[in-house]
Amino acid sequence: MKPQIFILVFLVLMSCKKDTNALPILSYNYVNGAKELYKIDSFEFTNQDGNLITSDSTKGYVHTMNFFFTSCPSICPPMRNKQHEIVDTFSSEENFKQYSISIDYKKDSVGQLKQYATIHDINSKQWQLLRGTSEIQLELLASRLKTNFKPNEDGTDFYHSSYVALIDKEQYIRGFYNILLNEEVELLKDDIKTLLDD
């Protein structure tokens with residue numbers, strides 16, 4: 001390929017990346033062979049400040065969602081560091097939020113989430129830590145976010161993914177990102193900017 005053609009193709013691809021249409025809608029299932037879209041618009045949790053957070057709270061915001069738990073000894077600390085980096089990048093953006101949902105609803109009380117937020121400097125203005133009330137509730141949301149979790153056999157830990165879902169203002173999933181990989185964090189930042197500019 002000639003250098004001029006390569007540069008032209010590269011520029012076209014880059015310009016498409018800035019268009020929200022270049023970010024596919026990933027929240028869908030196939031029902032009777034037909035593709036059906038769905039929104040992340042049916043949940044109710046309590047945050048670290050004791051406030052009720054529902055799907056109405058997220059509408060109109062570009063936001064991420066992921067699972068964690070406060071006593072996680074493995075992937076949660078490095079995930080948290082990357083999420084702090086994202087908060088720092090978008091600290092002046094009123095229309096961006098992060099939601100981290102605890103999968104350990106028995107141990108992660110509102111008080112525990114508040115203590116965790118205080119220790120790790122998590123400001124609820126832009127980053128909500130959410131507490132569920134049952135395993136069924138959490139599993140339902142996990143299935144809609146195309147992920148899963150399960151307790152380890154010894155009961156001391158949970159297996160869960162290091163991915164976060166990016167959700168647009170209309171509550172459709174627009175991407176999944178392994179937040180432990182620097183290149184995916186940078187891609188997530190770019191895609192957040194794209195959705196915020198929409």
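Here the focus is a negative patch on the surface. Taken together, the side chains of Glu93, Glu94, Glu170, Asp197 and Asp198 make up a negatively charged region of the molecular surface. Note on placement: Glu170 falls in the loop between β10 (163-167) and β11 (173-178).

Pairing is mixed in the open sheet, where 7 strands are placed in the order β4-β3-β7-β6-β5-β10-β11. In this open sheet, the two edge strands, each paired with only one partner strand, are β4 (52-54) and β11. With strand direction ignored, the average angle separating the axes of adjacent strands in the sheet is 30°. Two elements, strand β3 (residues 44-47) and strand β7 (residues 127-131), share 2 bridges in a ladder whose sense is antiparallel. In the sheet register, Asn47 faces β7, and the bridge partner there is Leu130.

What follows is about unusual backbone geometry. In this structure, Asp121 takes a positive phi of about 55° despite not being glycine. Checked against the element boundaries, Asp121 lands in the loop between α4 (110-119) and β7. Looking at Asp121, the relative accessible area reads 65%, which means it is exposed. Phi at Gln171 takes a positive value of approximately 75°, unusual for a residue other than glycine. Considering the arrangement of structural elements, one finds Gln171 in the loop between β10 and β11.

According to the stated counting rule, one finds 4 aromatic pairs in the structure shown. On the basis of an interplanar angle of 85° and a centroid distance of 5.8 Å, the ring pair of Tyr28 and Tyr30 is categorised as edge-to-face. Given a relative accessible area of 24%, Tyr28 falls into the partly exposed group. With a centroid separation of 5.3 Å and an interplanar angle of 45°, the aromatic rings of Phe90 and Phe96 are classed as tilted. The pair Phe90 / Phe96 is uniform in exposure class, with both members buried. Sitting over the face of the ring of Tyr28, Lys35 holds its NZ or CZ atom 4.2 Å from the ring centroid. For the cation-ring pair, Lys146 lies above Tyr28, with the distance from its terminal atom to the ring centre recorded as 6.0 Å.

This part is about the pairing of strand β6 (residues 96-102). Of all the 7 residues making up β6, 7 are buried; the element is thus mostly covered by neighbouring parts of the structure. Residues of β6 alternate between two faces, with Phe96, Gln98, Ser100 and Ser102 on one and Lys97, Tyr99 and Ile101 on the opposite face, all of them buried. The pairing of strand β5 (residues 62-68) with β6 spans 7 bridges and is parallel. The partner of His63 across the bridge, within β6, is Lys97. A crossover connection joins β5 to the parallel β6 through helix α3 (residues 76-89); in handedness this β-α-β unit is right-handed. With 5 bridges joining them, β6 and β7 adopt parallel strand pairing. Looking at the pairing, Gln98 lines up with Trp127 of β7. Between β6 and its parallel partner β7, the chain crosses via α4, and the hand of that crossover is right-handed.

Rules used in this analysis
- Here the residue index of a chain counts from 1 through its sequence in written order.
- In keeping with the predicted nature of the model, local features appear solely for residues at pLDDT of at least 70, side-chain atom pairs appear and are counted solely at 80 or more, and the whole-chain, interface and lining totals rest on all residues.
- The side-chain numbers reported here are obtained from all heavy atoms of the structure, hydrogens and water having been left aside.
- Nonpolar side chains (Val, Leu, Ile, Met, Phe, Trp, Tyr) within 5 Å and like charges within 9 Å form the patches, drawn only from residues with over 30% relative accessible area and no salt bridge.
- Values of accessible area rely on a 1.4 Å probe in the Shrake-Rupley scheme; residue burial ignores everything except the protein chains shown.
- Here, a salt bridge means any side-chain nitrogen of Lys or Arg that lies within 4 Å of a carboxyl oxygen of Asp or Glu.
- Only four residue types enter the tally: Lys and Arg on the positive side, Asp and Glu on the negative side, with His and both chain ends excluded.
- In this description, the location of a charge corresponds to atom NZ of lysine, CZ of arginine, CG of aspartate or CD of glutamate.
- Each helix is a run of H or I in the DSSP string that is no shorter than four residues. Each strand is a run of E no shorter than two, and both are numbered from the N terminus.
- Only when DSSP finds a minimum of two bridges between them are two strands counted as paired.
- Lines are fitted to the C-alpha atoms to define the axes, a helix being fitted only along its stretch in contact, and any angle between axes, read from their N-to-C directions, falls within 0 to 180 degrees.
- For each residue, the accessible area found with a 1.4 Å probe, counting protein chains only, is set against the maximum for its type, and the residue is called buried under 20%, exposed over 50%, and partly exposed in between.
- The rule is short: rings of Phe, Tyr and Trp, with Trp giving its six-membered ring, pair when the centres are within 6.5 Å, and they are stacked under 30 degrees, edge-to-face over 60, tilted in between.
- Charge-over-ring contacts are defined here by two conditions on Lys NZ or Arg CZ: a distance within 6 Å of the ring centre and an angle within 35 degrees of the ring normal.
- Crossovers are marked right-handed if the path from the first strand over the helix to the second runs clockwise, as seen with the strands pointing away from the viewer.

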